[in-house]
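Examination of the molecular architecture
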Amino acid sequence: MFIKRLLTEELLDCVREYPVVTLLGPRQSGKTTLVRSEFSDKAYFSLEDPEIRLAAEMDPRGFLSRLEQGVILDEIQRVPILLSYIQGIVDNVDEPGMFILTGSHQPDLQNKISQSLAGRTAILHLLPLALEEIEQVHPGLDVFDWLVKGCYPRLMVRNLKPERFFNGYVQTYVERDVRSLINIKDLSRFQQFLVLLAGRIGQVMNYSALANDVGVSSTVIKNWISVLKASFIVFELPPYFANIRKRVIKSSKIYFMDTGLAAFLLGIRTAEQAARDPLRGGLYENLIILEVLKFFYNQGTRPDVYFFRDSKGNEVDLLIRVQGRLLPVEIKSAATFSRAFLKGIKRLQSIASDCLDYGVVLYNGEEQFQIHNIQVFNPIKRIQELKKLLLKRIQETT
């Protein structure tokens, strides 16, 4: 079954404007399927193929000379030297849509792009499926079932067993990609680290405490997290503390790029388990923050997001900066609303001059209402309303 990706329109617009378009994202997020379906007239080469990779490495100029009519180069980070030669080609023949590149490793690739293709390429991000895309194949999916299954297209379309899929994903991609970037001497410690990291979703990172639990140095932990970020396995949500005089927390939070992977690492196998698990709040928070990230990425916009927490425990799960103003968003997995959900938003609004006097509480209940200029609703049941709300705030502050 074919899933129409929400990024398609932005991708096509970029191809009409830029000679090179680079699509980044996790492995198995659907990058290859998207570009091959939309640009079926272009030649396609996967640089994961040893023979193709060898040909590109041995004679990059000759390899590319036959492809000036347009080509898709999959997993371009495998042969980054090609980027310099692509620069020379597009400088001489500056036609839109000549090269479509995909990549799964962020730092090296983005550094090379900034050096070689600055001003010549549009950079887009494709994450696993958003809720609207999932509903094309699984309408009305229960939120905790969604949380456990995750959002990878192949898993959803083929209705694969999540445990088997993620077991293979960890061994085939996560561990292999990590080993390609750093030398891990003790794989069992790294596997333990992954599980412990999943257990800290939604918590402020304490590198020393995690290092003690794993039995390695905090420097090693920071290095491992850096590699996981580079491979689109996890992402950091930074704290917001600008323009606030009161003491605030200045360490980031870590979330996974897919809740299904996190649930697998935690041994959560069913929706019933997820609904009862002590970590359900962090996983639900992770799920909703990902939906917000996907919303912005699918528009070709880089998300500008934070969290807030002060030393007294006042907290707002998500802050979305739009045109210099902050939209505070509280995320709760509870199905029953409590006025305590408003505490962190009101605290932030009282001390941050750039915070909007409007806020949002996203929870797992059925009711929708507004209280003290704070809108309360279920983002899963009303995903279109969440998108309209974000677009409205963008337009109001433009």
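The text that follows walks through the structure, step by step, so that each part is easy to find. (Residues numbered from 1 in each chain as written. Predicted model: local features only at pLDDT ≥ 70, side-chain atom pairs only at ≥ 80, totals over all residues. Heavy atoms only, no water.)

**Some points on the packing of aromatic side chains**
Threshold: In this analysis, rings of Phe, Tyr and Trp, with Trp reduced to its six-membered ring, are considered paired at centre separations within 6.5 Å, and the interplanar angle assigns stacked below 30 degrees, edge-to-face beyond 60, and tilted for intermediate values. The helix and strand labels rest on DSSP assignments: H or I over at least four residues marks a helix, E over at least two residues marks a strand, and numbering proceeds from the N terminus. For each residue, the accessible area found with a 1.4 Å probe, counting protein chains only, is set against the maximum for its type, and the residue is called buried under 20%, exposed over 50%, and partly exposed in between. In our convention, an over-ring charge means Lys NZ or Arg CZ found within 6 Å of a ring centre and within 35 degrees of that ring's normal.
Per the stated rule, a full pass over the model turns up 16 aromatic pairs. Aromatic pair Tyr240 and Tyr306: ring centres 5.9 Å apart, planes at 65°, arrangement edge-to-face. Taken as a pair, Tyr240 in the loop between strand S6 (234–237) and strand S7 (253–256) and Tyr306 in strand S8 (residues 305–309) lie far apart in primary sequence, 66 residues in all. The exposure class assigned to Tyr240 is buried, which follows from its relative accessible area of 2%. Seen from their ring centres, Phe295 and Phe296 are 5.2 Å apart, and the 80° between their planes marks the pair as edge-to-face. In this arrangement the basic side chain of Arg36 is found over the ring face of Tyr44, its NZ or CZ atom lying 3.9 Å from the centre. The aromatic ring of Tyr207 is capped on one face by Lys222, whose charged end is 5.3 Å from the ring centroid.

**So, helix H1 (residues 8–17)**
Each α-helix turn comprises 3.6 residues. Residues three or four places apart therefore point the same way. Keep this limit in mind: By definition, the arc is the one covered by directions from the helix axis to the C-beta atoms. Two residues form a contact once any of their heavy atoms are found within 4.5 Å.
Of the residues making up H1, those classed as buried are Thr8, Leu11, Cys14 and Val15. Viewed end-on, H1 has its buried residues packed into an arc of 125°, placing them on one side of the element. Those residues of H1 that are exposed and aimed more than 90 degrees away from the buried face are Glu9, Arg16 and Glu17. Residues of H1 that are buried make contact with strand S1 (20–24), helix H2 (31–38), strand S4 (99–103) and strand S5 (121–125).

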